[in-house]
Amino acid sequence: MKMRFTVWLFALLVVLFEGCSFDDEESYTIWTDMGTYSEFQSAFNTTLNDGMYVRLEFTSSQWSQIKSSLTSDGKHSWGKSKIKDWLIGRGFGDYEAKQESSWLTTIEHGFIASRTGNTVYYILK
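None of these values were measured; they are calculated from a predicted model. Position labels on residues start from 1 in each chain and follow its written sequence. Local features in a predicted model are, by the rule used here, given only for residues with pLDDT of at least 70; side-chain atom pairs are given and counted only at 80 or more, and totals for whole chains, interfaces and linings are based on all residues. No hydrogens and no water enter the side-chain calculation; it runs on all heavy atoms of the structure.

Participant: Describe in detail the environment of M52, supporting the description with residues and values.
Facilitator: Put simply, DSSP H or I for four residues or longer makes a helix, DSSP E for two residues or longer makes a strand, and each gets a number counted from the N terminus. As for its position among the elements, M52 is in the loop between α2 (37-44) and β2 (53-57). What makes M52 partly exposed here is its relative accessible area of 45%. Along the backbone, M52 and A113 are 61 residues apart, and their C-alpha atoms lie at a distance of 8.6 Å. Note on definitions: a residue-residue contact is assigned when non-hydrogen atoms from the two residues lie within 4.5 Å. Excluding residues within four positions of it along the chain, M52 makes contact with A113, S114 and R115. Per-residue accessibility, obtained with a 1.4 Å probe over protein chains only, is compared with the maximum for each type, and a residue is labelled buried under 20%, exposed over 50%, and partly exposed between these values.

Shown next as structure tokens:
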């Protein structure tokens, strides 16, 4: 009888915790993209040196204009650690990736563009 109770208790615990997520990291809606450096220059009318990045925080009116053009392409639901990993994968050092992922997750809306050779990577929130 005691064994049966233990099995039922274990089964109950499995059912109770099955739907629980222990990842308490907040998720953010993020878009990622990439393009050529010449496309970046045309779109922003500025230069971005190889190995460098730029970040920009959007106003509410800027975000209203931008969000209407966004699609599900490149759309993600990521936590700060995944954003940091993405930045590291695009050439950011650990310190810069930690700093910029923290910045991006504390502002309402903004983006970071980083250049590696002829490729510019974008991350937008």
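Participant: Talk me through the packing of helix α4 (residues 80-89) against helix α5 (residues 94-106); I want residue IDs and the actual numbers.
Facilitator: Orientation of α4 relative to α5, taken along the N-to-C sense of each, is 135°, at an axis distance of 8 Å. By the angle between their directions, the pair α4 and α5 is classed as oblique. Crossing of α4 against α5: the hand is right-handed. Residues K80, I83, K84, L87 and I88 of α4 touch α5, and the partners they reach there are D94, A97, K98, E100, S101, S102, L104 and T105. Across the contact of α4 with α5, the residue classes tally to five nonpolar, three polar and five charged. All axes are obtained by fitting lines to C-alpha atoms, using only the stretch in contact for helices, and the reported angles, taken between N-to-C directions, cover 0 to 180 degrees. Geometric relationships in this document are graded by angle, where less than 35 degrees denotes roughly parallel, more than 145 denotes roughly antiparallel, 65 to 115 denotes roughly perpendicular, and other angles denote oblique. It is the rotation of the near helix from the far one that decides the hand of a crossing: anticlockwise by less than a right angle makes it left-handed, clockwise makes it right-handed. Any residue that is not Ala, Val, Leu, Ile, Met, Phe, Trp, Tyr, Cys, Pro, Asp, Glu, Lys or Arg is counted as polar, Gly included; the first ten are nonpolar and the last four charged.

Participant: Summarise the packing of aromatic side chains; cite the residues concerned and give the values.
Facilitator: Centres within 6.5 Å are what make two rings of Phe, Tyr or Trp a pair, Trp counting through its six-membered ring; a difference in plane orientation under 30 degrees is then read as stacked, over 60 as edge-to-face, and the rest as tilted. All told, the structure shown has 10 aromatic pairs when counted by the stated rule. A connected cluster of aromatic rings, assembled from ring pairs, spans W31, Y37, F40, F44, F58, W63, F111 and Y122. The positively charged end of K82 is found above the aromatic ring belonging to W78, 5.2 Å away from the centroid. The criterion is that NZ of a Lys, or CZ of an Arg, lies within 6 Å of the ring centre and within 35 degrees of the ring normal, and then a charge sits over that ring.

Participant: A description of the sheet that holds strand β3 (residues 75-78) should follow, citing residues and the corresponding values.
Facilitator: Strand order in the open sheet formed by five strands is β2-β4-β5-β1-β3, with antiparallel pairing between adjacent strands. Looking along the sheet, the strands with just one partner apiece sit at the ends: β2 and β3. Taken over all neighbouring pairs, the strand axes of this sheet differ in orientation by 20° on average, direction set aside. For two strands to be treated as a pair, DSSP must find no fewer than two bridges joining them. With four bridges connecting them, strand β1 (residues 28-36) and β3 associate as antiparallel partners. The residue of β3 that forms the bridge with Y28 is W78. Across the sheet, α2 lies against β1, β2, β4 (110-116) and β5 (119-124), angled at about 110° from β1, the strand it touches most. Along the sheet face, α5 touches β1, β2, β4 and β5 and points at about 15° away from the line of β2.

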